[in-house]
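# Coordinates in review
Each chain is listed here by its residues.
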Amino acid sequence: MHSPPRQDYVSISFAEKGSGGYNNSKQWRRQSCWRKWKQLSRLQRSLILFLLVLLFICGIASYPTFTEHLRGLTDEEEQDTNSNSVLRPFVPNVLPEPVKQGRLPLPEQTSQRKLPYKRGPPILQNRLQSKGNSSDSGPGGRAADGKKDGEEEGVISWRGAVIDTEQGTEGAKEDENKGASPANKKVKPTKESGANRLEAVQEAFRHAWKGYKDCAWGHDELRPLSKSYSEWFGLGLTLIDALDTMWILGLKEEFEEAKTWVATELTFGKNVDVNLFESTIRILGGLLSTYHLTGDTVFLEKAKDIGSRLMPAFNTPSKIPYSDVNIGKGTAHPPRWTSDSTVAEVTSIQLEFRELSRLTQEPQYQAAVAEVMRQIHKLDGKLDGLVPMFINTNSGQFTHQGIYTLGARADSYYEYLLKQWIQGGKKENEFLEDYLQAIEGVKKNMLQKSSPNGLTFVGELSHGQFSPKMDHLVCFLPGTLALGAHNGLPADHMDLAKQLMETCYQMYTQMETGLSPEIVHFNMHEGSTRDIDVKLADRHNLLRPETVESLFYLYRFTGDHKYQDWGWEILQNFNKYTRVSSGGYTSINNVRDPDYTSPRDKMESFFLGETLKYLFLLFSDDPNLISLDQYVFNTEAHPLPIWPSTA
């Protein structure tokens, strides 16, 4: 009854526009399909719907990237629910520029200011600068508002990289993969002679050095993909960090070029804030080490200069040093929103300042760092020798108690307890007592085994709650335990070192690229199918040295060639996934995807200062190449002499 009017309307109104017939046909087909659908029985319709849903679910399950993404979001939500940090929204495919420096708000301030709670000590923010660019900032790199260029409150770093308490960084832009070496699957170790492996490390160093020399000479760090550089302190950080590496590797031409720059260009009379800890372990440590290896007094004179300029940091009410020093003005200060320093910062500068006093016969350097250790030795707030992560520079007391980790902000405290005892000729027994107590505290409170393969790992404690979270930074511990056992400490320290060494290696080999992420979580539940989980934002690799450092110690003390093979595998995977063809190596954002590693365009100074140095020493069969009975390495891999017994 109503059909003819509709047809007349359609033919007159829409045919003139050339589309009415098409739309009417679609409408008819929709009605026809619906009529057929309604003619089906209820059972037939139910079966069809069930099959469609099943096909959809199978499609989702067959797409691993999507399911990984969903799992990661769930993990993030669960972890944020159980933490005090502000919930961070997931932002897909965004790669923040890794920030070298920043500031650390207190947890309660974090929630008030709606800032992400970051891991690591309060350090200066990284200042990125393309080669040849002019700066609009004033003296000392400060902009008109008094902040350093690029400075962002609430963002901090540890050992040169932003690390989030819960997460790291999310995703990356696809075109950021360009420039890095192509890769499909992780490299398996191949049998190579020791000489070939040593040459491979030398070649890797030369390739990295080429990028630095071509694009970042005299600046702090290379950005290999953009062929530019970034500044941290503006003191040629990579060059100084790499001095003793070049000497140990026998790269005489490169060393002489760098030495000339130090002698003629390096000056510390700059109006710039530097971080006490980082500049001590990298610059002061690097200069002292190179002086001892070469005997060239130019390095000692530079070490005296920077050492004296760092001393204002100790002018605090408690004698616990501030985190930041202006080496030009001779002033020091804590972060703007807190008077806290991290425990690792203030207890991992002792080897360097003690050695500076020994060389200069000026006692104030050793006295300043000895006072720090004396106070921390007697402080309350420890748990079976384990220390909290923060200490107040006004009161000299631990703050934010109840959280214990061997990762960022506490790690090198334990390392330097043992190494100060060794450096001083094994006479200062308070260091040994604190170290032994701390290792027992680790065994009692932090050691667990994963499921299904029973990997021994070191977790974290937060107000009595155990977390199966382990930073890659913790992989310093196998080497430190082995060093202690070599120096007469209990044999079970070596047993534990071997177990943890296996775990740290598994953090590499269980990843699709064969490179470890920054942070892992171990499964402890029966029925788990894999030992290690990695959250989406923790999948970055920063070219860190801790695992190859421990491999070096384990090989030196056991002679087991498997440790060399493991290191060789790691070097090959660095070459496959992080090497930039034009020169240099880059940190990457995703160790779980060989086809989408997402390079970060940053070569940390410790890649040349530590990672390649430890690999070279690992592959060398000469026990006298930096003998561990004559030298002790600082936490930046700069060897300093063990004091003679008459010292």
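Provided above is the structure to which this section pertains.
Residues numbered from 1 in each chain as written. Predicted model: local features only at pLDDT ≥ 70, side-chain atom pairs only at ≥ 80, totals over all residues. Heavy atoms only, no water.

## Comments concerning the pairing of strand β5 (residues 228–231)
Test applied: Relative accessibility under 20% of the residue-type maximum defines a buried residue, over 50% an exposed one, and the middle range a partly exposed one, all with a 1.4 Å probe and only protein chains included. Counting from the N terminus, the helices are the DSSP runs of H or I reaching at least four residues and the strands are the DSSP runs of E reaching at least two. Criterion used throughout: strands pair if DSSP finds at least two bridges between them.
The two faces of β5 match: Ser228 and Ser230 on one face and Tyr229 and Glu231 on the other face are all buried. As defined by bridge partners, strand β4 (residues 221–223) adjoins β5 across three bridges and the pair is classed as antiparallel. Paired with Glu221 across the two strands is Ser230, which belongs to β5. Between the antiparallel neighbours β4 and β5 lie four residues, among them Lys227 with a positive phi of about 55 degrees.

## Remarks on the pairing of strand β18 (residues 519–522)
The side-chain alternation of β18 yields two buried faces, one formed by Ile519 and His521 and the other by Val520 and Phe522. Direction of pairing for strand β17 (residues 469–471) relative to β18: antiparallel, over a ladder of three bridges. Within β18, the residue paired with Lys469 across the bridge is His521. Bridge count for β18 against strand β19 (residues 532–533) is two bridges, and the pairing is antiparallel. Directly across from His521, in β19, lies its bridge partner Asp533.

## Structural notes on the sheet that holds strand β16 (residues 465–467)
If you walk across this open sheet you meet the three strands as β12-β15-β16, and the pairing is antiparallel. Strand pairing shows two members of the sheet lacking a second neighbour, β12 (403–404) and β16, which therefore form its edges. Sheet analysis places strand β15 (residues 460–462) next to β16, joined by three bridges and oriented antiparallel. Note on β16: the bridge partner recorded for Ser462 is Gln465.

## Some points on the state of the cysteines
Convention followed: Count a disulfide wherever a pair of cysteine sulfur atoms falls within 2.5 Å.
What the rule picks out here adds up to one disulfide. With its sulfur 2.1 Å from that of its partner, Cys475 forms a disulfide with Cys504. Given an S-S torsion of about -105 degrees, the disulfide between Cys475 and Cys504 has left-handed geometry. In this pair, Cys475 is assigned in the loop between β17 and α17 (477–486) and Cys504 in helix α18 (residues 491–509), connecting sequence segments 29 residues apart. Classification of Cys504 by relative accessible area gives buried; the value is 1%.

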